[in-house]
Amino acid sequence: VQLQASGGGLVQAGGSLRLSCAASGRTFSSYVMGWFRQAPGKEREFVAAISRSGGSTYYADSVKGRFTISRDNAKNTVYLQMNSLKPEDTALYYCAADETRRLFTAVVITSTAEYDYWGQGTQVTVSS
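Residues numbered from 1 in each chain as written. Predicted model: local features only at pLDDT ≥ 70, side-chain atom pairs only at ≥ 80, totals over all residues. Heavy atoms only, no water.

Novice: Help me understand the packing of aromatic side chains in this model?
Specialist: The geometry of an aromatic ring pair comes down to the distance between the two centres and the angle between the two planes. Considering all chains together, one arrives at 7 aromatic pairs under this definition. When the centroid spacing of 6.5 Å and the interplanar angle of 80 degrees are considered together, the rings of Tyr94 and Trp118 count as edge-to-face. With Tyr94 in strand β9 (residues 91-98) and Trp118 in strand β10 (residues 117-118), the pair connects residues that are 24 residues apart, well separated along the chain. Of the residues examined, Trp118 reaches a relative accessible area of 28% and is grouped as partly exposed. Taken together, the ring pairs connect Phe36, Phe46, Tyr58, Tyr94, Tyr115 and Trp118 into an aromatic cluster. Above the face of the Tyr94 ring, Arg44 is positioned so that its terminal group lies 3.7 Å from the ring centre. Between the NZ or CZ atom of Arg44 and the centre of the ring of Trp118, over which it lies, the distance is 4.8 Å. (Phe/Tyr/Trp six-rings, centres within 6.5 Å; stacked < 30°, edge-to-face > 60°. Helix = DSSP H or I, 4+ residues; strand = E, 2+ residues; numbered from the N terminus. Buried < 20%, exposed > 50% of the residue type's maximum accessible area, 1.4 Å probe, protein only. Lys NZ or Arg CZ within 6 Å of the ring centre and 35° of its normal.)

Novice: Quick question: what am I supposed to make of the sheet that holds strand β1 (residues 3-6) here?
Specialist: Within a sheet, adjacent strands bond to each other through the backbone by hydrogen bonds, running parallel or antiparallel. The sheet built from 4 strands is open, its strands ordered β1-β3-β8-β7 with antiparallel pairing. In the strand order of this sheet, the two ends are held by β1 and β7 (67-72), each with one partner. Across the sheet, the mean angle separating the axes of adjacent strands is 15 degrees when strand polarity is ignored. Pairing of β1 with strand β3 (residues 17-23), which is carried by 4 bridges, proceeds in the antiparallel orientation. Residue pairing across strands places Ser6 opposite Ser20, the latter belonging to β3. (Pairing = 2+ DSSP bridges. Axes fitted to C-alpha atoms, helices over the stretch in contact; angles between N-to-C directions.)

Encoded structure:
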């Protein structure tokens, strides 16, 4: 599967952005989808994940209550709505797809090693 992330940009602190990730192929609904981010000089970190049906979601503590992940399986797209943005949210944001059938648990879905396909990243910059 190929993933194309979009929607990044420059926004002031307190503002909002909505990221999208469009997937190719006909099996989108069989993938757990995740968002990760990487700031300069830092490791890639987990942001949010959503189960195949969209019925379960999981968030990093740093974004809980501010970000919302959702998916539209008919459109082969996963979204990340980001509200109340902070300068520390500045990073390159990646979407990723997990085609394995392991349980949707935190220890599994928060690991970069779990994901099989990655998009190219979209830059989010939050100014103070």
